[in-house]
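Spelled out, the chains give:
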Amino acid sequence: MGIDWFPLWLSLRVAGLATLVALILGLWLAYLLANREFRGKEALDAAVTLPLVLPPTVLGFYLLVLLGRQSPLGKLYEGIFGAPLVFTWQAAVVAALIHSTPLLVKSSRAALESVDRSYERAARNLGASEWRVFWRVSLPLARRSILAAAVLAFARSLGDFGITIMVAGNIPGRTQTMAVAIYDAVEAGNGALARTLVLVISATALAILFLANRLAPKQASG
Amino acid sequence: MIQARIRKRYPPGPESAGFTLDVEFNAAGGVTVLFGPSGSGKTMTLEAIAGFVPPEEGRILLDDEILFDAASGVNLPPQARHCGYVFQNYALFPHMTLRQNLAFAAASSRKRWPRLERHRRVNEMLERFHLTEVSGRRPHEVSGGQKQRCSIARALIVEPKLLLLDEPARGLDVPLRAELYEVLRQVRDEFRTPILLVTHDLEECFELGQEMIVLNQGRIVQRGAPRGVYDQPASVEVARLLGTYNLLPVEITALDPVRKTSRLRVGVHELHGPYFPGRLRGDRVTLCVRPEELVASPADGKPGPNQLAAELLRYAERPQTIRLEFRGDIFAEVPRAAFDRNRHVKDWIIEFPSQALRVF
């Protein structure tokens, strides 16, 4: 009996793309939260944290409402790309993004805040713009912690089930990711397939954790 | 020339009492030292000038440019202030080599030098501060002295109008300290950049400072040449901060403006001092006299005029002298040789030379 590897490749692709977007979005949010004072900062912080505490099905429901074919965002997407977003593999990317960004923001913010303030002050004192301070001083000094966080975010994206099944569904060969395929195999009584997939995803997760630990700095700052 | 009036309140926290920084001073060329104990507001003053922490009230002018003015809402960002800042831990970027640290500074400067000019300046600075050989190393791979020179070179490469140094000698051993003083004298004389330096070390004030500003609890309590401040502290508070004075409660028992003399009662003894203008007979004041101004000798008979009999409690070795502590909180310093002969004597006579007596 051949095993259909499509869910694994889909999961890797979805998680990779989601991590890339999460890294850009997460770094920007982390920078805002770590360095800037503005109105609504605490509200933003709470909103970013929310996906960590809400049940995935609830998040999935929100996304369906927000991105569904009747919603403004959903209509906009359909207008641009000619097809609805929900129940496609792209929707799975959005699901993974929502699932992994909070973790990335939290860790990146902590990493940026743990950079000794005097380095940033020194750079400003020499005339460096805030943009230059961030790219040339803060980010390189927090680099390892942020990379470790990105690797963990990738692992988290790989494992999402609840949000994905709500917004991307369970269409074999199109939107069925690893986690969903395992659920499907168990439901169908295909124990052998479920066991194989579980072993594969466990091994992948273990490898990722190992990598994250290797990346994480031994001391607070280099 | 820097002119600063800075006022900032720090509200009391769970572990700290409230604190108000309220200073006003100006400083021209050369080295001006902000001297005071920890927590007196020295570093806060530097941070306010550099623009890291804005004051609540006041105004800061550097060469007629307004850096900060609370009344009109001017608050230039640190990038636009042209004040070089040398941090206590040097704050050299650990992920860059020494050359890259200087190159980063040259490229960050608002002067927008072309690439070749930047390169030339970096090389020149490395050369002048004897860093060329180690320019390819990271900060953690070079010695403390090299880090120190690099941090000063990095601050100077952008041609600041003022150099701010936060306790540059803290935690340095003696040879490194001497090297630092040498480098700073070079900065003062060759670069001609005015320097504002923070320290709690009196020797440093003498080594470098043309001018010394004494801070305590957020206020300026005296300013002047280090020698002048040391010889004539303006108050008991300053004498206590300098940490080298005998401070004894005395009562003025006689004042003679004609013969320019006075008499002071210390416990059961009486001392003859100079005339103290503005004092009255019966005033209870604090006598202020330095340990090395006192003359201590083993007791042989009754104390004469301006002499006190005192019991030696303990003594401490100093590099050149011995510091004696007598009953009644009196300290005196005597040369080693004079003390070695009388090591076991308990009863001493201490002479207070009349011209050395100051009261507050």
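Keep in mind that what you see is a predicted model, and the values were worked out from it rather than measured.

Enquirer: Sorry, what's going on with the overall build of chain B here?
Expert: When its secondary structure is counted, chain B shows nine helices and 21 strands. Taking the principal axes of its C-alpha atoms as reference, chain B extends roughly 80 × 50 × 45 Å. Every one of the 360 residues in chain B was classed for burial, and the buried ones make up 38%. At a minimum sequence separation of 6, the contacts of chain B that also span at least 24 residues come to 63%.

Enquirer: Help me understand the packing of helix α2 (residues 41-53) of chain A against helix α5 (residues 89-113) of chain A, please; the structure alone is not making it clear to me.
Expert: For any two helices packed against each other, one specifies the inter-axial angle together with the distance between the axes. All names here are of chain A. Where α2 meets α5, the closest approach of the two axes is 8 Å, and the angle between their N-to-C directions is 120°. It follows that α2 is oblique to α5 by the angle criterion. For the element pair α2 and α5, the recorded crossing hand is left-handed. Counted together, V48, T49, P51 and L52 of α2 and I98, H99, P102 and V105 of α5 form the full contact between these two elements. For the contact of α2 with α5, the residue count by class is six nonpolar, two polar and no charged.

Enquirer: In this structure, what is going on with α2 of chain A? I would like to understand it.
Expert: In an α-helix there are 3.6 residues to a turn, and that puts residues three or four apart on one side. Between the first and last C-alpha of α2 of chain A there are 19 Å, a value that for 13 residues agrees with the 18 Å anticipated at 1.5 Å per step. In terms of burial, α2 of chain A is largely open, as just one of its 13 residues are buried.

Enquirer: I would appreciate a short explanation of α5 of chain A in the present structure.
Expert: Here α5 of chain A contains 25 residues, and its C-alpha end-to-end distance of 35 Å stays within 8% of the 36 Å for a straight helix at 1.5 Å per residue. Where burial is concerned, most of α5 of chain A is hidden: 20 out of the 25 residues are buried.

Enquirer: Sorry if this is basic, but what is going on with the interface of chain A and chain B here?
Expert: Many authors give the size of an interface as the accessible area that is lost as the parts come together. Contacts between the two partners involve 17 residues from chain A, matched on the other side by 17 residues from chain B. Elements supplying a minimum of two residues to the side of chain A that touches chain B: α6 (117-125) and α7 (130-158) of chain A. Ranked by residues supplied to the side of chain A that touches chain B, first place goes to α6 of chain A with seven residues.

Enquirer: Even after reading the chapter, I still don't get the nonpolar core, so can you show me in this structure?
Expert: Generally speaking, nonpolar side chains in soluble globular proteins are found buried as a group. A95 and V167 of chain A together with L164 and I350 of chain B are the most contacted members of the largest nonpolar core, which has 151 residues in total. With 14 residues, the single largest contributor to this core is α7 of chain A. Two domains share this core, each providing at least three of its residues, namely domain 1 (2-240) and domain 2 (245-359) of chain B. Not counting chain neighbours up to four residues away, the residues in contact with L164 of chain B comprise L46, I49, A50, C83, G84, Y85, V86 and L196 of chain B.

Enquirer: So what exactly am I meant to see when it comes to the sheet that holds strand β1 (residues 2-10) of chain B here?
Expert: Pairing between sheet strands relies on hydrogen bonds along the backbone, with the strands arranged either parallel or antiparallel. Residue and element names in this part refer to chain B. Strand order in the open sheet formed by five strands is β2-β1-β4-β5-β6, with antiparallel pairing between adjacent strands. With one partner strand each, in any of the chains shown, β2 (19-27) and β6 (74-75) form the two edges of the open sheet. Direction of pairing for β1 relative to β2: antiparallel, over a ladder of nine bridges. Note on β2: the bridge partner recorded for A4 is F25. Against the sheet, helix α1 (residues 42-50) contacts β1, β2 and β4 (57-62), and its axis sits at roughly 115° relative to β1.

Enquirer: How should unusual backbone geometry be read in this particular structure?
Expert: All names here are of chain B. Of note, the phi angle at D63 is positive, near 50°, even though the residue is not glycine. Relative to the helices and strands, D63 resides in the loop between β4 and β5 (65-69). Even without a glycine there, the phi angle at Y90 is positive, about 75°. Secondary-structure assignment places Y90 in the loop between β7 (83-86) and α2 (98-108). Residue classification places Y90 among the partly exposed positions, given that 19 C-beta atoms sit within 10 Å.

Enquirer: Honestly, the sheet that holds strand β13 (residues 261-266) of chain B in this entry has me stumped. Any pointers?
Expert: Residue and element names in this part refer to chain B. Within the open sheet, the five strands sit side by side as β14-β13-β12-β15-β21. Their pairing is antiparallel. Unpaired on one side and paired on the other, β14 (269-274) and β21 (358-359) mark the two borders of the sheet. Pairing between strand β12 (residues 246-256) and β13: five bridges, direction antiparallel. Looking across to β13, one finds that L255 is bridged to S262.

Enquirer: I keep staring at the confidence of the model for chain B and nothing clicks. Help me out?
Expert: In this model, chain B carries an average pLDDT of 90, and 100% of its residues clear a pLDDT of 70 or more. Across the whole predicted complex the pTM is 0.83, and at the interface the ipTM reaches 0.84.

Enquirer: Is there a simple way to explain the packing of helix α1 (residues 6-35) of chain A against α7 of chain A in this structure?
Expert: Residues and elements named next belong to chain A. One way to put it is that α1 packs onto α7 with a least axis distance of 9 Å and a crossing angle of 145°. Where α1 crosses over α7, the handedness of that crossing is right-handed. Across from S11, V14, A15, A18, T19, A22, L23 and Y31 in α1, the residues of α7 making contact are F134, A150, A153, F154, S157 and L158. Here the contact of α1 with α7 is composed, by residue class, of 11 nonpolar, three polar and no charged.

Enquirer: What am I meant to see in the pairing of strand β9 (residues 195-199) of chain B here?
Expert: Residues in a regular strand point their side chains to alternate faces of the sheet. Residues and elements named next belong to chain B. A large share of β9 lies buried, amounting to five of its five residues. What you see with β9 is no split at all: I195, L197 and T199 on one side and L196 and V198 on the other are buried throughout. In this sheet, β9 lies alongside strand β3 (residues 31-35) in parallel orientation, the contact comprising five bridges. The residue of β9 that forms the bridge with V33 is L197. The pairing of strand β8 (residues 162-166) with β9 spans four bridges and is classified as parallel. For D166, the partnering residue across the bridge sits in β9 and is V198. Traced from β8 through helix α5 (residues 174-191) to β9, the parallel crossover comes out right-handed.

Enquirer: Teacher, can you tell me more about the domain arrangement of chain B here?
Expert: Residues and elements named next belong to chain B. Looking at chain B, the domain boundaries give domain 1 (2-240) and domain 2 (245-359). Just the C-alpha atoms count here: the centres of domain 1 and domain 2 sit 40 Å apart. Of the residues lining the interface, four residues belong to domain 1; the matching set on domain 2 comes to four residues. Among the residues making up the side of domain 1 that touches domain 2, the classes are represented as three nonpolar, no polar and one charged.

Enquirer: Hey, could you run me through the environment of P84 of chain A in this one?
Expert: Residue and element names in this part refer to chain A. With respect to the secondary-structure elements, P84 resides in the loop between α4 (72-81) and α5. Judged by C-beta crowding, with 16 C-beta atoms within 10 Å, P84 ranks as partly exposed. Distance from P84 to R69, taken between C-alpha atoms, is 6.4 Å for residues 15 residues apart in sequence.

Procedures and definitions
Residues numbered from 1 in each chain as written. Chains lettered and ligands numbered in written order. Predicted model: local features only at pLDDT ≥ 70, side-chain atom pairs only at ≥ 80, totals over all residues. Helix = DSSP H or I, 4+ residues; strand = E, 2+ residues; numbered from the N terminus. Buried ≥ 20, exposed ≤ 12 C-beta atoms within 10 Å, placed from the backbone. Contact = placed C-beta atoms within 7 Å. Axes fitted to C-alpha atoms, helices over the stretch in contact; angles between N-to-C directions. Parallel < 35°, antiparallel > 145°, perpendicular 65-115°, else oblique. Left-handed = near helix turned anticlockwise from the far one by under 90°. Nonpolar A, V, L, I, M, F, W, Y, C, P; charged D, E, K, R; others polar. Expected span 1.5 Å × (residues − 1). Core = buried A, V, L, I, M, F, W, Y, C linked by C-beta atoms within 7 Å. Domains from an automatic or database assignment. Pairing = 2+ DSSP bridges. pLDDT = per-residue confidence, 0-100. Right-handed = clockwise from strand over helix to strand, strands pointing away.

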